[in-house]
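In case you want the letters, here they are:
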Amino acid sequence: MKVYKTDEIRNITLMGNAGSGKTTLAEAMLFEGGVINRRGDVGTKNTVSDYHLIEQEYGNSVMSSLLYTEVNGKKINILDTPGMDDFCGGLVSSLQVAGLGLMVVDASTGLGAGTESANRHAEAANAKMVFVLNHLDNENANFDQTIENLKGKFGNKVTIVQYPVETGLGFNTIIDVLKMKMYKYKPEGGKPEVLEIPASEKERADELHNELIEMAAENEESLMELYFEQGSLSEDDMRKGMRIGMVKRDLFPVFCVSAKKNMGVGRLLEFVCNIAPAPSDVPMRQIVQGKQVVMNESSPTSLFVFKTALEPHVGEVTYFKVMSGKVTEGKDLYNTANNGKERISQLFVTAGKTRTAVPELVAGDIGCTVKLKDTKFNHTLCDKELDLRFAPITFPDPKFRVAVKAISETDDEKVGEILHKVKDEDPTYIVNYSKELKQLIVEGQGEYHLNTLKWYFDHVHKIDIEYKAPKIPYRETITKFAQADYRHKKQSGGAGQFGEVHMIIEPFEEGSQPKNMFVYGGKEMKISVRDTQEYPLPWGGKLVYHNCIVGGSIDARFMPAILKGIMEKMEEGPLTGSYARDIRVYIYDGKMHPVDSNEISFRLAGRNAFSAAFRNAGPKILEPIYDLDVWVQSDRMGDVMSDLQGRRALIMGMGSEKGYEKITARVPLKEMNKYSTSLSSLTGGRGVFNMKFAAYEKVPQEVQDELLAAYAAEEKEE
Ligand SMILES: Nc1nc2c(ncn2[C@@H]2O[C@H](COP(=O)(O)OP(=O)(O)O)[C@@H](O)[C@H]2O)c(=O)[nH]1
Ligand SMILES: [Mg+2]
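None of the values given here were measured: they were computed from a predicted structure. (Residues numbered from 1 in each chain as written. Chains lettered and ligands numbered in written order. Predicted model: local features only at pLDDT ≥ 70, side-chain atom pairs only at ≥ 80, totals over all residues. Heavy atoms only, no water.)

K.L.:
Help me understand the sheet that holds strand S1 (residues 9–16), please; the structure alone is not making it clear to me.
P.N.:
Strands sit in the order S2-S3-S1-S4-S5-S11-S6 across an open sheet of seven strands; the sheet is mixed. A strand with exactly one partner marks an edge of an open sheet, and here the two such strands are strand S2 (65–71) and strand S6 (158–160). Each neighbouring strand pair of the sheet contributes to a mean axis angle of 30 degrees, computed without reference to strand direction. In terms of strand pairing, S1 meets strand S4 (residues 100–106) through five bridges, oriented parallel. If you follow isoleucine 12 over to S4, its bridge partner there is leucine 100. Set on the sheet, helix H1 (residues 22–32) makes contact with S1, S2, strand S3 (74–80), S4 and strand S5 (128–134); between it and S1 the angle comes to about 150 degrees. Docked against the sheet, helix H3 (residues 88–97) engages S1 and S3, running at close to 155 degrees with respect to S1. (Pairing = 2+ DSSP bridges. Helix = DSSP H or I, 4+ residues; strand = E, 2+ residues; numbered from the N terminus. Axes fitted to C-alpha atoms, helices over the stretch in contact; angles between N-to-C directions. Contact = heavy atoms within 4.5 Å.)

In structure tokens form, the structure reads like this:
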């Protein structure tokens, strides 16, 4: 394979709804470029792109794969991505290195939720977009309806470049209103016959041609002037205008294909070569550290790693884009994330699992290497003197959480190790052991995403694991003041133990002042605070500790021991074992013994007095409340609202945003288990939500009773 120069490279991402035909289109693209000489089929599980076992079993792409094709002296790197938003990680990273998205749309079924979610990611990445109307050979294909649906979503940015003369079984002819030619395909597809547009289509073709000119001219004043002068634009000027519009995401050209029959694919590739900017013509990825570089061959070398994957028989494969200079076999580079040295001993271009060794890759190209020591996605590898770091890719927040447990305890460690590797390969999995909940928590993009993880454990690692709902990180606090005394005394043989503590506790609120008197049991109790310590707690909230001892009833040296005893109980709240917060403690009296008093005695006295006081102080369980934003199509608003009400949500507002209804609400985390799955089924996969921790709030009494009963049952079990 020849070494392609920067201006001979194009990078594209295939995206769109699951089943729209991305993988089939990729297959046709490789065939057109002569990279493969036989087209595989998703049904017979032999496509270049879907080569992983899980993809063949699902009949669907699960990860992104890197392919390439060679057309008209150019190399087009193709990133084929999964359509389900649960697997959006592959799409998000692909758009960062291949910023021209071909949005494949199934013209026989409508847009599908995947079109919208893919567009959201493209918008976030500011990626240019081309609509590829596929399945036009399908008997239910409807070109006009699909265009109408697209315009409903994307408005007048949708710009027809091609239309089919006939759809369905008779689909074999495409009219191109940029070239003003007609392409007619033989049943096996491939190279078309290029014909003049017949009289019967002239009127429609002319009309669309003029629309296209106007859309192209609109993007630049000089083109507009030219158009007014001449009443037309040359093909080159049209392309120039289209390119400007595409960069601004103001123009989305529409192309027509049947990926399955390989019709229209060659012309689409030609358009990509002509319209997509060379990698050096797009702004450089943001540099967050080190020297500036430009994307050309003569600069020092830098690579941006956007993906790693474990492949059978080879180990870890590292995928990168050459950002500057060139990389050759045997080159030593420096990893700025961990100051490590890496040798690029082999270089490959890939078409799915087939890796072809190449001697060199230049700026703008995408390739992979193997056997690196410690390089992960988002790392930059560069010549030492650059000391460069590119801005990392940020992935969407997780939407679904589970607690993972090995069925057999002996597998615990292995499960942890595997999960650690999994999140390197798919950065949209987030794995954390929660010390507080004593659970291994895995977060992902949806229930299906997490089921896929389980599939790996079942089929690849052959380890039985189970998913449980993650525990909720409750907190405990008090609602009124209470007093308690506790005497700890032990005198069995040897040295004795003695400590007595009298305390009052009350709720703490930020900005409140300590009291100097409490009334209880019909008596007034005067308190004089001599010393105050404020402890912000690692789990949120505060403990405020007042030393109010007068007349030396407890030595100052025992005060820290009492505090320690209290803290022990704060860490394991008396109600449900959850962390306690926002409490003021006054130690106002006690007793010592001249010989037997020591730290242990006061620690235990402090702990038990606190426990007793807590129980009498109107203890309450606090639950985490989240701010929730939900976007749904207006006809599903009612269902989504009533579902939310069933989740104890407090609706804070409603409004319209980007063609969706937006609901803002506050919801308890406890009620949001599997929300992404419910929302998905209520909205046909179109609903989107966002959740952010807001505050801790007291639970309603019936929920508290329920939680206390559950805790008691659990304690009994253990
Ligand atoms: N009739 C027809 N079927 C197609 C076409 N493109 C793809 N398919 C079929 O649609 C299904 C989904 O295709 P696939 O490429 O896996 O879609 P992806 O999920 O977007 O990658 C497969 O059964 C393909 O054979 C097409 O142009 N026409
Ligand atoms: Mg696919």
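K.L.:
Quick question: what am I supposed to make of empty space enclosed by the protein here?
P.N.:
To locate leftover empty space, one rolls a probe as large as a water molecule over the atoms. Taken as a whole and assessed by the stated rule, the structure comprises three cavities of 30 Å³ or more. The computed volume of the largest cavity comes to approximately 60 Å³. Surrounding the largest cavity, Met1, Lys2, Val3, Tyr4, Lys75, Val349, Val358, Pro359, Glu360, Leu361 and Asp365 form its lining. Split into classes, the residues belonging to the lining of the largest cavity amount to seven nonpolar, no polar and four charged. (1 Å grid on protein atoms, 1.4 Å probe; cavity = no way out; pocket = protein on both sides within 12 Å on 5 of 7 lines; lining within 4 Å. Points joined across faces, edges and corners; volume = space filled by probe spheres on them. Nonpolar A, V, L, I, M, F, W, Y, C, P; charged D, E, K, R; others polar.)

K.L.:
Help me out: how do you make sense of the side chain of arginine 285 in this one?
P.N.:
Mapped onto the elements, arginine 285 comes out in the loop between helix H9 (265–275) and strand S12 (287–289). Buried and unpaired, arginine 285 has aspartate 397 as its nearest opposite-charge partner, separated by 15 Å. Of the polar contacts made by the side chain of arginine 285, one reaches the side chain of glutamine 96; its length is 2.8 Å. Residues in contact with arginine 285, not counting those within four places in the same chain, are Gln96, Phe304, Met323, Phe390, Ala391, Pro392 and Ile393. (Buried < 20%, exposed > 50% of the residue type's maximum accessible area, 1.4 Å probe, protein only. Lys, Arg positive; Asp, Glu negative; His and termini not counted. Salt bridge = Lys/Arg side-chain N within 4 Å of Asp/Glu carboxyl O. Polar contact = N/O pair within 3.5 Å; in protein donor to acceptor, adjacent residues only side chain to side chain.)

K.L.:
How do you make sense of the layout of surface pockets when you look at a structure like this?
P.N.:
In this model, the largest pocket occupies a volume close to 1600 Å³. Taken together, 48 residues line the largest pocket, and the ones lying closest to its centre are Arg120, Lys399, Val688, Phe689 and Asn690. Breaking the lining of the largest pocket down by element, the ones donating at least two residues are H3, helix H4 (113–124), helix H5 (143–154), strand S24 (400–406), strand S25 (430–434), strand S26 (439–444), strand S37 (620–632) and strand S40 (688–698). Top element by residues in the lining of the largest pocket is H4. It accounts for six residues. Taken together, the residues of the lining of the largest pocket sort by class into 22 nonpolar, 10 polar and 16 charged. The computed volume of the second largest pocket comes to approximately 1200 Å³. If you trace the second largest pocket, you find 35 residues lining it, with Glu436, Leu437, Lys438, Lys471 and Glu714 closest to the centre. Counting residues per element, the lining of the second largest pocket draws most heavily on helix H16 (residues 701–717), which supplies six residues. Here the residues of the lining of the second largest pocket sort into 15 nonpolar, five polar and 15 charged. Two domains share the lining of the second largest pocket, each providing at least three of its residues, namely domain 3 (400–463) and domain 4 (476–618). (Domains from an automatic or database assignment.)

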